[in-house]
Structures are given as structure tokens and as C-alpha cells.
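Architecture and fold: a report
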Amino acid sequence: MQRYLADRDVWHAALVSVLALVLSGGLVFVGYLAHVLRMAWRSPLRPPVPMVVLVFGRRLEQDEPEADYRHRLGRALALTREALVERLLLLGGVSGSSISEAAAGHRWLLREGLPGDVPVELEHESIDSLENLRQARGLLRGDDGSEPLPPVALVTSRYHLARCQLLAQRLGFASVPIAAEPRLRLTPRALRLLLLESAYLMWIDLGVRWATLIGHRRMAARIG
């Protein structure tokens, strides 16, 4: 987070978002919130066909997956048992723990009975959703970058789906959002996270649109 706060392109995008929010009387945020809620509510629990599955990590608690991350891993495990996983990518580097989120997630899956015939790859370098997807894209393209990107299933928490889907599309993925939890529960915590994700989505989307409009390629690449 600190490196983003020191990035002038990030502040540029934030200023654009604030101006759009003020000039629209808040309506632009309502539109993004509606989109985040719609995806959180309607996203499926499984892909229509077997796919490469990307599981987004989350900050660990005492080197173990916390509740949201366990839901994501549990969904991935269920998909392996339904033979809907061609290849499993666990995403997430070291973020305040002694091991990476991906390694902790893999350890949890093995304890819970991950089938041994499922190809698993761990991505240890990234610490946020955009980096998760950039690193996954590199792994899927192969060492020489010549492999075409396969369709992917994005497994994450319901509140997080809209942002991951937007970023995946901007990076060239054909993706299907897959909800970790069986249903959306509008608890105070969930509402807070949905509001926060709506703000993130507005910042990313408006920032990239503005950067594209003014021809600011560095800014567009930095935030989305």
C-alpha cells in the first residue's frame, strides 16, 4: 500500500475519481456499487466447463488462511472434486507472514484432501489483485511468452469479484467469476467491504478511462 501512496499516477487517478463523484452528485459511485452488488449476488459457484482456476490469496493470520481465504480455497477444492479444474493456480506472495499466501493455501488444501492428480502451481511474487493477475498471465503464457491465454475461472470472495473481473478483462483474460461463498450475506462487514470495493472499482475504471483519453500510457498501465 505504501508504494501506491507514493505514486503520483495513483493520486492523479484518485483526483479524477473524486471530481467525477462530486460533479455527478454521487451518482457515479451508486452505479459502481450497483455493479459490485450485482456481481456479488449473481456470480455462479462453478464454471460451465473444466477450466484453469485462479484462486486469489488474502493476508494470513499466524501463517494460516483466515476465514475469507478458507472460503476461496474451499470453493477451489469443491471444483477439483467435481472435475472442473484443469490446472490450479494459487496466487499471493508474502504479506506480513513467514510464508506466502499461496504456500499457506496449498498447505491447507493438502490437509483438506486435495486430489493428487490436480496440477497445482504457486505464484509467490504478488501482493495485490492486479499483480496477482499479471503474474498469473506470465505463468500461463509460458517461459517464452508464446502460449495463448486459456479461459480462466476467478475464485474469490463475493465482494471482490467485480474488481478481479475488471482487471482480468483489462489484462486480456477470458474469465468467469466464481463466488467463494454459497450465498451473499449482507452483514455489516460485508456491506463495508462492498462499499470499499465499489470505491476501488470506480478509482481503477475511471482512472484508466481518463488515462486512455489523454494518452497517458504509464498511468493506464500502473493502475489497471
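In case you missed it, the structure is sitting above this.
Predicted model, so just to flag it, every value in this text is computed and none were measured.

Comments concerning the environment of Leu196
- Take Leu196: it is sitting in helix α8 (residues 188–214).
- For Leu196, a relative accessible area of 40% translates into the label partly exposed.
- With 36 residues separating them along the chain, Leu196 and His160 place their C-alpha atoms 9.7 Å apart.

Overview of the environment of Val118
- In this fold, Val118 is placed in the loop between α5 (101–111) and β3 (120–123).
- Under the relative-accessibility criterion, Val118 is labelled buried at 11%.
- Residues Val118 and Arg46, spaced 72 residues apart in sequence, show a C-alpha to C-alpha distance of 17 Å.
- Leaving out residues up to four positions away in the same chain, Val118 has contacts with Thr80, Val85 and Leu88.

Quick notes on the packing of helix α3 (residues 27–42) against helix α7 (residues 161–170)
- Here α3 crosses α7 at 100°, and the two axes come no closer than 8 Å. Overall, the two elements α3 and α7 adopt an arrangement that is roughly perpendicular. Contacts from His35, Val36 and Met39 in α3 reach Leu161, Ala162 and Gln165 in α7.
- Considering only residue class, the contact of α3 with α7 consists of four nonpolar, two polar and no charged.

Description of the layout of surface pockets
- Approximately 290 Å³ is the volume found for the second largest pocket.
- Along the wall of the second largest pocket there are 14 residues; nearest its centre are Asp68, Glu181, Arg185, Arg189 and Ala190.
- Looking at the lining of the second largest pocket, the elements with two or more residues in it are α4 (67–81) and α8.
- The element contributing the most residues to the lining of the second largest pocket is α8, with four residues.
- The residue inventory of the lining of the second largest pocket, partitioned by class, reads six nonpolar, two polar and six charged.

Some details on the nonpolar core
- Grouped together as the largest cluster of nonpolar side chains are 41 residues, with contacts concentrated most on Leu54, Leu89, Leu133, Leu140, Val152, Leu154 and Phe173.
- What Phe173 contacts, discounting residues up to four positions off in sequence, is Leu133, Ala136, Arg137, Leu140, Leu149, Val152 and Ala168.
- By size, the runner-up hydrophobic cluster in this structure holds 22 residues, among which are Tyr69, Leu79, Leu114 and Val155.

Notes on the sheet that holds strand β5 (residues 175–179)
- Ordered in space as β3-β2-β1-β4-β5, the five strands form an open sheet in which the pairing is parallel. On the outer flanks of this sheet lie β3 and β5, each paired with one strand and no other. Adjacent strand axes in the sheet meet at a mean angle of 25° when their direction is disregarded.
- In the sheet, strand β1 (residues 51–56) pairs with strand β2 (residues 85–91) via six bridges, with the strands oriented parallel. Residue pairing for β2: Val55 is matched across the bridge by Leu90.
- Against the sheet, α4 makes contact with β1, β2, β4 (152–156) and β5, and its axis sits at roughly 165° relative to β1, the strand it touches most.

Rules of the game
- Residues numbered from 1 in each chain as written.
- Predicted model: local features only at pLDDT ≥ 70, side-chain atom pairs only at ≥ 80, totals over all residues.
- Heavy atoms only, no water.
- Helix = DSSP H or I, 4+ residues; strand = E, 2+ residues; numbered from the N terminus.
- Buried < 20%, exposed > 50% of the residue type's maximum accessible area, 1.4 Å probe, protein only.
- Contact = heavy atoms within 4.5 Å.
- Axes fitted to C-alpha atoms, helices over the stretch in contact; angles between N-to-C directions.
- Parallel < 35°, antiparallel > 145°, perpendicular 65-115°, else oblique.
- Nonpolar A, V, L, I, M, F, W, Y, C, P; charged D, E, K, R; others polar.
- 1 Å grid on protein atoms, 1.4 Å probe; cavity = no way out; pocket = protein on both sides within 12 Å on 5 of 7 lines; lining within 4 Å.
- Points joined across faces, edges and corners; volume = space filled by probe spheres on them.
- Core = buried A, V, L, I, M, F, W, Y, C linked by side-chain atoms within 4.5 Å.
- Pairing = 2+ DSSP bridges.

Honestly, that's just the spatial picture; any functional story needs more than this.
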